[in-house]
Amino acid sequence: MQQRPSSAVGIGWALLAMACFAMLDTTTKWVAGYVPVLVAIAVRYCLQAVLTTATVLHQRGRSAWVTRHPGLHIVRAMLLLLTSLLAFVSLQHLPVGDFTAIVLLTPMVVTLAAAHMLREKVSGLRKALVAGGFLGTLLIVRPGSEGFQWALLVPLALVAMNSSFQLLTSHMTRTEDPMTIQLYTAWIGAAVSALALPWVWQPIGSAGLWLGLCFMAFTASIGHYFFTLAFKYAPASTLMPYSYAQIAFAVLAGWLVFSHVPDAQSWLGMVLIALCGAAGAWLLVVERRRAVAEAPKH
């Protein structure tokens, strides 16, 4: 069955967003090798806050600052800040493709957690898909092997943090303007990360590193913007499977920049995570259609 033109446009924007996120992670890995983590995060957040403000205020004006839940904005911003910190640490120990594959466990974990929070029955198939995704992760990090380090488990903490961030975002979008959410998240993250600068600041003398930090802020901002555009043309159920294309982009970027080629076991783990994630997205669509069909007609 051919995709409707609108859906095809949405998929195109989603794929562009995934390419941006892969470039963000690749640049982050390179910058993290030369710049202290907290310095890099603070500079990135400050630049991203300026870019976000210029975009949001142009579209919404001062009304973008109006919110009824400032406390939730603080919690969301802190969750994203911690996710960014864990991403930096993870990328210091993992290739970009492996890291991306593990992080893409998040949609499966979010779906499972949301079902439990709503006290919905979770099918055995969905549990099996989540277990398959974690098996793929074990194939990548390989606990017990000679090359294993405990730092390789940091991405799993990132998945837990990112899942909490996604669940809170889903809750907040019911009452808050997405532009307002982006604005507060950017500035709270910038303010909190800047507080650490007097203790961790080191001069960044290289123009290349400054360019890398600017590129990180740009790809993060434009990637989220592209992903937002995608949802204007296609529903989440259509777009979710295409998010796993980020693994392919990340592997390609890791090969081009760091000459890293995953071995057979890592490839197997990445493919397993992608297949389980895509199957989980398809299952979600089937379950929702079944629920609509079984709903009482008025």
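Higher on the page you've got the structure.
In this report, the structure presented in the accompanying data block is examined. (Residues numbered from 1 in each chain as written. Predicted model: local features only at pLDDT ≥ 70, side-chain atom pairs only at ≥ 80, totals over all residues. Heavy atoms only, no water.)

## What to know about the pattern of salt bridges
Right, so step 1: Overall, the coordinates contain one salt bridge when judged by the stated rule.
Right, so step 2: Close ionic contact of Asp-177 with Arg-60 constitutes a salt bridge, the shortest N to O distance being 2.9 Å. Of this pair, Asp-177 sits in the loop between helix H7 (154-172) and helix H8 (178-195) while Arg-60 sits in helix H2 (residues 37-60), placing them 117 residues apart in sequence.
Right, so step 3: Asp-177 sits in the partly exposed class, given a relative accessible area of 26%. (Salt bridge = Lys/Arg side-chain N within 4 Å of Asp/Glu carboxyl O. Helix = DSSP H or I, 4+ residues; strand = E, 2+ residues; numbered from the N terminus. Buried < 20%, exposed > 50% of the residue type's maximum accessible area, 1.4 Å probe, protein only.)

## Some remarks on the environment of Ala-157
Right, so step 1: Note that Ala-157 resides in helix H7.
Right, so step 2: For the pair Ala-157 and Ala-87, spaced 70 residues apart in sequence, the C-alpha to C-alpha distance is 9.7 Å.

## A look at the packing of helix H5 (residues 106-117) against H7
Right, so step 1: Contact geometry of H5 with H7 gives a least axis separation of 9 Å together with a crossing angle of 55°. Viewed along their axes, H5 and H7 adopt a mutual orientation that is oblique. Crossing of H5 over H7 shows right-handed handedness. Each of Thr-106, Val-109, Val-110, Ala-113, Ala-114 and Met-117 in H5 lies in contact with H7, whose residues at this interface are Val-159, Asn-162, Ser-163, Gln-166 and Leu-167.
Right, so step 2: Taken together, the residues that form the contact of H5 with H7 break down as seven nonpolar, four polar and no charged. (Axes fitted to C-alpha atoms, helices over the stretch in contact; angles between N-to-C directions. Parallel < 35°, antiparallel > 145°, perpendicular 65-115°, else oblique. Left-handed = near helix turned anticlockwise from the far one by under 90°. Contact = heavy atoms within 4.5 Å. Nonpolar A, V, L, I, M, F, W, Y, C, P; charged D, E, K, R; others polar.)

## A short note on the packing of aromatic side chains
Right, so step 1: Applying the stated criterion to the full structure yields three aromatic pairs.
Right, so step 2: Above the ring of Phe-258, the side-chain terminus of Lys-29 is found at 5.7 Å from the ring centroid.
Right, so step 3: The aromatic ring of Tyr-45 is capped on one face by Arg-44, whose charged end is 5.7 Å from the ring centroid. (Phe/Tyr/Trp six-rings, centres within 6.5 Å; stacked < 30°, edge-to-face > 60°. Lys NZ or Arg CZ within 6 Å of the ring centre and 35° of its normal.)

## A look at the packing of helix H4 (residues 96-103) against helix H12 (residues 245-258)
Right, so step 1: At their nearest, the axes of H4 and H12 sit 7 Å apart, and the two run at 160° to each other. Classed by the angle they form, the pair H4 and H12 counts as roughly antiparallel. Crossing handedness for the pair H4 and H12: right-handed. Here Val-96, Gly-97, Thr-100 and Ala-101 of H4 lie close against H12, whose contacting residues are Gln-246, Ile-247, Ala-250, Val-251 and Phe-258.
Right, so step 2: Here the residues of the contact of H4 with H12 are counted per class, giving six nonpolar, three polar and no charged.

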